[in-house]
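Next come the chains, spelled out residue by residue.
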Amino acid sequence: MKNILNKLNSVIHPLIWVLIVYTAIMLLFGHYKVYLYEDEVLSYTAANYHSPNKGVRFDFSDRTMYDASDILDAITVSKDERFDYANVVKNTSYDPHPPLFLFLLHTISSLFPGKFSVWFALTINITFGIFTLVILYFLAKELSGSRNFSVFVSLIYACLNAFINISDYLRMYVMLGTFTLLLLLQYLKLLNVESGSRLSTKQLIPLILTTVFGTLTQYYFLVFFCLLIPYVKRRSLIFAVLS
């Protein structure tokens, strides 16, 4: 048995097992998810609702009976509303959150017109949760140089109650964590850049893309980005200066 495990570890990177554990946990939580918070419902209305009024909340009137189809219309995509990203942008103008998560949610919803499922948003969260664990692995390896330690860090993070809960929460915060950690990893790598030298295009483009996608995910990303502004110095574009 030990020889079999050693052979598996030599063929399959140990991080894969961490990702499998995380995915299994999320599949279990998703299976039993039956209650949605208001903000989770708002994810679907902001992504799919063609509101007759300005706003992304369903308009309820007092002493009025509503049919289930009325609610379903607000959180699903009809056949003639598929891939209507202009409507997502319009809804975003009534909501403080950027649209990247909503674009992805609307895209998945458009593939299943008239259908609602928590798995539409959970698929996004699980995917970016996997990205987060991979980035965290490389982040830990960049700091420690140890593969085993880095795998252990990712495993602990994958099993954290907070990370599981935020992955189960149908909002854009897992994506926010992904781009924030990616930005941190990129800046750690820039610590090896000689002070006073310019970044190459190969270094600069990923940094710009991370910043753009992070900003389009959640406005809190700008807080983390601004904390890194001191790395900008004189005429050079970006520097890695720790001391």
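Since we're looking at a predicted model, the values are computed, not measured.

1. Here's the deal with helix 6 (residues 100-111)
- In this model helix 6 runs 17 Å from its N-terminal to its C-terminal C-alpha over 12 residues, within 8% of the 16 Å that 1.5 Å per residue would give.
- Contact partners of the buried residues in helix 6: helix 3 (38-48), helix 5 (85-92), helix 7 (118-144), helix 10 (173-190) and helix 11 (201-215).

2. Notes on the nonpolar core
- Counting 45 residues, the largest nonpolar core has Phe-101 and Leu-105 as the members making the most contacts within it.
- Elements represented by at least two residues in this core include exactly helix 2 (14-31), helix 3, helix 6, helix 7, helix 8 (147-158), helix 9 (161-168), helix 10 and helix 11.
- Among the elements that line this core, the one with the most residues is helix 7, at 9 residues.
- Once residues lying within four places of it in the same chain are set aside, the contact partners of Leu-105 are Ser-43, Tyr-44, Ala-47, Phe-120, Ala-121 and Ile-124.

3. Brief notes about the packing of helix 5 against helix 6
- Running from amino to carboxyl end, helix 5 crosses helix 6 at an angle of 140 degrees, the nearest separation of the two axes being 10 Å. Relative to helix 6, the element helix 5 is oriented oblique. Every pair of crossing elements has a handedness; the one defined by helix 5 and helix 6 is right-handed. Contact residues: Tyr-85, Val-88, Val-89 and Thr-92 in helix 5; Leu-102, Phe-103, His-106 and Thr-107 in helix 6.
- The residue makeup of the contact of helix 5 with helix 6, split by class, is 5 nonpolar, 3 polar and no charged.

4. Quick notes on the environment of Glu-142
- Among the secondary structure elements, Glu-142 is positioned in helix 7.
- Separated by 47 residues in sequence, Glu-142 and Lys-189 place their C-alpha atoms 7.8 Å apart.

Basis of the calculations
- Residues numbered from 1 in each chain as written.
- Predicted model: local features only at pLDDT ≥ 70, side-chain atom pairs only at ≥ 80, totals over all residues.
- Heavy atoms only, no water.
- Helix = DSSP H or I, 4+ residues; strand = E, 2+ residues; numbered from the N terminus.
- Expected span 1.5 Å × (residues − 1).
- Contact = heavy atoms within 4.5 Å.
- Core = buried A, V, L, I, M, F, W, Y, C linked by side-chain atoms within 4.5 Å.
- Buried < 20%, exposed > 50% of the residue type's maximum accessible area, 1.4 Å probe, protein only.
- Axes fitted to C-alpha atoms, helices over the stretch in contact; angles between N-to-C directions.
- Parallel < 35°, antiparallel > 145°, perpendicular 65-115°, else oblique.
- Left-handed = near helix turned anticlockwise from the far one by under 90°.
- Nonpolar A, V, L, I, M, F, W, Y, C, P; charged D, E, K, R; others polar.

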